[in-house]
Amino acid sequence: CIRCAMSKKVLLVIASKEFQPVEYGKTKEVLEDNNIEVITASDASGQAYATDGSVVHINLTLDEIDMSLFDGIFLIGGGGAMKYLDTGVMYNLLRTAQRESRAYGAICISPRILAAAGVLNGKKATGWDSDDKLTEVFKKHNVDYVKEPVVVDGNLVTAVDPKAAEKFGKAIVKIL
């Protein structure tokens, strides 16, 4: 429903360094194609640098985010995600999103951040597992690991990797 989505506004959160450009770019494209406003947030202001060297302008830093202004928050993966986004500030934003029944989620390695924040407890989720540690992480945080490219559980969307970015974006559109 394009008309319904026009007033929707979501945060895509990327690490200031080493974020995954396909996951960010494809997800953002799908959302914007469905008239959803995308605000890009990061741990540092100015610009963020992708793993392929591309640069993205940052609209807000994590500590500037007021969750009441957004319909959802979604974390993008990449090598920098665990280094720069696995923080108390990020956990609080995710907990607020969950508590206020906003859409939230993550792709690639970033569902691990959601698990650590406690917002996947008792939920079905997926994520990147090339290091074979996701089962252990999810088990520790009481997450039902579903080995699918994209998993939706209520207003939560998780996805595995860049190949799932378009489906991730479409799943976000659907729950909004």
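Before any of the text, the structure's been laid out above.
Residues numbered from 1 in each chain as written. Predicted model: local features only at pLDDT ≥ 70, side-chain atom pairs only at ≥ 80, totals over all residues. Heavy atoms only, no water.

**With respect to the packing of helix 2 (residues 21–33) against helix 7 (residues 165–175)**
In a packed pair of helices, the relevant descriptors are the angle between the two axes and the axis-to-axis distance. The N-to-C vectors of helix 2 and helix 7 enclose an angle of 40°; their axes lie 8 Å apart at closest approach. At the point where helix 2 passes helix 7, the crossing takes the right-handed sense. Contacts from Val22, Glu23, Lys26, Thr27, Val30 and Leu31 of helix 2 reach helix 7 at Ala165, Glu166, Phe168, Gly169, Lys170, Ile172 and Val173. Along the lines of polarity and charge, the residues of the contact of helix 2 with helix 7 split into seven nonpolar, two polar and four charged. (Axes fitted to C-alpha atoms, helices over the stretch in contact; angles between N-to-C directions. Helix = DSSP H or I, 4+ residues; strand = E, 2+ residues; numbered from the N terminus. Left-handed = near helix turned anticlockwise from the far one by under 90°. Contact = heavy atoms within 4.5 Å. Nonpolar A, V, L, I, M, F, W, Y, C, P; charged D, E, K, R; others polar.)

**What about the environment of valine 38?**
Within the secondary structure layout, valine 38 lies in strand 3 (residues 37–42). Every residue in contact with valine 38, bar those within four places of it in the chain, is listed here: Val10, Leu12, Lys28, Leu31, Glu32 and Asn59.

**Brief notes about the pairing of strand 12 (residues 156–159)**
In strand 12, alternate side chains face the same way, and those of Leu156 and Thr158 on one face and Val157 and Ala159 on the other are all buried. Pairing of strand 8 (residues 103–107) with strand 12, which is carried by four bridges, proceeds in the parallel orientation. Looking at the pairing, isoleucine 107 lines up with alanine 159 of strand 12. Two elements, strand 11 (residues 150–153) and strand 12, share four bridges in a ladder whose sense is antiparallel. (Buried < 20%, exposed > 50% of the residue type's maximum accessible area, 1.4 Å probe, protein only. Pairing = 2+ DSSP bridges.)

**A closer look at unusual backbone geometry**
Although it is not a glycine, glutamate 18 sits at a positive phi angle of roughly 65°. Mapped onto the fold, glutamate 18 is located in strand 2 (residues 17–19). The backbone phi angle of asparagine 35 is positive, close to 60°, even though this residue is not glycine. Examined against the element boundaries, asparagine 35 turns out to sit in the loop between helix 2 and strand 3.

**Quick word on the packing of aromatic side chains**
Tallying each qualifying case throughout the model produces three aromatic pairs. Ring geometry for phenylalanine 74 versus phenylalanine 168: centroids 6.1 Å apart, planes at 85°, classification edge-to-face. In this pair, phenylalanine 74 is assigned in strand 7 (residues 72–75) and phenylalanine 168 in helix 7, connecting sequence segments 94 residues apart. Its guanidinium or amino end placed over the ring of phenylalanine 70, lysine 9 lies 5.2 Å from that ring's centre, counting from NZ or CZ. (Phe/Tyr/Trp six-rings, centres within 6.5 Å; stacked < 30°, edge-to-face > 60°. Lys NZ or Arg CZ within 6 Å of the ring centre and 35° of its normal.)

**Some remarks on the nonpolar core**
In terms of nonpolar packing, the biggest core is built from 33 residues, with Ile73, Met90, Leu94 and Leu114 touching the most fellow members. Looking at this core, the elements with two or more residues in it are strand 1 (9–14), strand 3, strand 7, helix 4 (88–99), strand 8, helix 5 (111–117) and helix 6 (134–140). In terms of residue count, helix 4 provides more of this core than any other element does, five residues in total. Here leucine 94 is in contact with Ile73, Leu75, Ile113, Leu114, Ala117 and Val119, once residues within four sequence places are set aside. Core analysis: the next-biggest nonpolar cluster, separate from the first, contains 25 residues, Leu12, Val38, Val56 and Ile172 among them. (Core = buried A, V, L, I, M, F, W, Y, C linked by side-chain atoms within 4.5 Å.)

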